[in-house]
Amino acid sequence: MFEGFESGRIAVDGVEIAYVAAGAGEPLLMLHGFPQTKALWARIAPELVALGYRVICADLRGYGASDKPPARADLTNYSFRAMAADQLGLMKTLGHERFHFVGHDRGARVAHRLALDHPAAVASVTLMDIVPTAVMLGDLRREVAQSY
């Protein structure tokens, strides 16, 4: 899986984020959903490398080979904002100040949060397989939140 890709782990604010990367050209970060890992992209990533992108597939904190720190009582260290900060730190450490972003499911929510918090870092964003946040939260009741 990911033949020809480099793999590594980069510490971002004390949390190591696992990734694989290959290719040259414009950077493209790909994030998986629940309950997947970066392996979700194993067949797609090489095709994008062939199209001329520098493809980085990462595991979210708490998933795959990334660190799984204990959750704080308020769960803020597992918020989409915290996970977006992880990915922004990963990309900056890899030398990419601005990048394309593809997110699936939970990864799409992280991509959305990163685009809102750091719009200058996002060249483009593709959100896959999620109900738009505004729609999902428009009818937020206890039963809905608990089932989600």
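The structure presented is a predicted model; accordingly, all values stated were derived computationally and were not measured.

**Student:** I would appreciate a short explanation of the nonpolar core in the present structure.
**Tutor:** For soluble globular proteins, the rule of thumb is that nonpolar side chains tend to be buried together. Core analysis: the largest hydrophobic core is formed by 24 residues, its most contacted members being L29, F99 and L114. Residue assignment for this core shows that the elements contributing at least two residues are β1 (6-12), β2 (15-22), β3 (26-31), β4 (53-58), α2 (80-93), β5 (99-104) and α3 (106-117). With five residues, the single largest contributor to this core is α2. Not counting residues within four places of it along the chain, the set of residues in contact with L114 comprises A84, Q87, L88, F99, F101, P119, A121 and V122. Grouped together as the second largest cluster of nonpolar side chains are 13 residues, V20, M30, W41 and L48 included.

**Student:** Looking at this structure, how should I read unusual backbone geometry?
**Tutor:** Most peptide bonds take the trans form, and the phi angle of most residues other than glycine is negative. Between F34 and the following residue, P35, the backbone shows a cis peptide bond with an omega angle of 0°. Here P35 lies in the loop between β3 and α1 (45-50). Although it is not a glycine, L75 sits at a positive phi angle of roughly 65°. Note on placement: L75 falls in the loop between β4 and α2. One non-glycine residue, D105, lies in the positive phi region at around 55°. Summarising the element assignment, D105 is placed in the loop between β5 and α3.

**Student:** When you look at the pairing of β5 in this model, what are you seeing that I'm missing?
**Tutor:** Two faces belong to every sheet, and in a regular strand the side chains alternate between them. For β5, the buried fraction is high: six of the six residues fall into the buried class. Judged by which residues are buried, β5 turns out to be covered on both faces: F99, F101 and G103 on one side and H100, V102 and H104 on the other are all buried. Bridge count for β3 against β5 is four bridges, and the pairing is parallel. Pairing of L31 across the sheet is with G103, part of β5. Handedness of the crossover joining β5 and strand β6 (residues 122-128) through α3: right-handed.

**Student:** Can you help me understand the side chain of S66 in this one?
**Tutor:** Structurally, S66 can be placed in the loop between β4 and α2. Only 2.9 Å separates the side chain of S66 from the backbone nitrogen of A18, close enough to count as a polar contact. The residues contacting S66, other than those within four sequence positions of it, are R9, E16, I17, A18, D59, L60 and R61.

**Student:** Would you mind going over the pattern of salt bridges with me for this structure?
**Tutor:** Where charged atoms from two side chains of opposite charge come close, those side chains can pair. Within this structure, the stated rule accounts for seven salt bridges. With its nearest N and O atoms 2.7 Å apart, the salt bridge here joins E16 to R9. By relative accessible area, which is 39% here, R9 ends up partly exposed. Within this structure, R9, E16 and D67 form a network of salt bridges that share partners.

**Student:** Would you mind showing me how to read the packing of aromatic side chains here?
**Tutor:** We describe a pair of aromatic rings using the distance from one ring centre to the other and the angle between the two ring planes. Within the structure shown, the criterion is met by two aromatic pairs. Both rings, one in F99 and one in F101, keep their centres 5.8 Å apart while their planes meet at 55°; by these two values the pair is tilted. In this structure, F99 and F101 share a single accessibility class: buried.

**Student:** What's the story with the sheet that holds β5 in this structure? I'm lost.
**Tutor:** By way of backbone hydrogen bonds, the strands of a sheet pair with one another, either parallel or antiparallel. Strands sit in the order β1-β2-β4-β3-β5-β6 across an open sheet of six strands; the sheet is mixed. The strands lining the two open edges of the sheet, one partner per strand, are β1 and β6. In this sheet, neighbouring strand axes are inclined to one another by 25° on average, regardless of whether the strands run parallel or antiparallel. Summarising the sheet, β3 and β4 pair through six bridges and their orientation is parallel. Bridged to L29 within β4 is I56. The strands that α2 touches are β1, β2, β3, β4 and β5; relative to β1, the one it contacts most, it runs at about 120°. Docked against the sheet, α3 engages β3, β5 and β6, running at close to 145° with respect to β5.

Thresholds, definitions, all that
- Residues numbered from 1 in each chain as written.
- Predicted model: local features only at pLDDT ≥ 70, side-chain atom pairs only at ≥ 80, totals over all residues.
- Heavy atoms only, no water.
- Core = buried A, V, L, I, M, F, W, Y, C linked by side-chain atoms within 4.5 Å.
- Buried < 20%, exposed > 50% of the residue type's maximum accessible area, 1.4 Å probe, protein only.
- Helix = DSSP H or I, 4+ residues; strand = E, 2+ residues; numbered from the N terminus.
- Contact = heavy atoms within 4.5 Å.
- Pairing = 2+ DSSP bridges.
- Right-handed = clockwise from strand over helix to strand, strands pointing away.
- Polar contact = N/O pair within 3.5 Å; in protein donor to acceptor, adjacent residues only side chain to side chain.
- Salt bridge = Lys/Arg side-chain N within 4 Å of Asp/Glu carboxyl O.
- Phe/Tyr/Trp six-rings, centres within 6.5 Å; stacked < 30°, edge-to-face > 60°.
- Axes fitted to C-alpha atoms, helices over the stretch in contact; angles between N-to-C directions.

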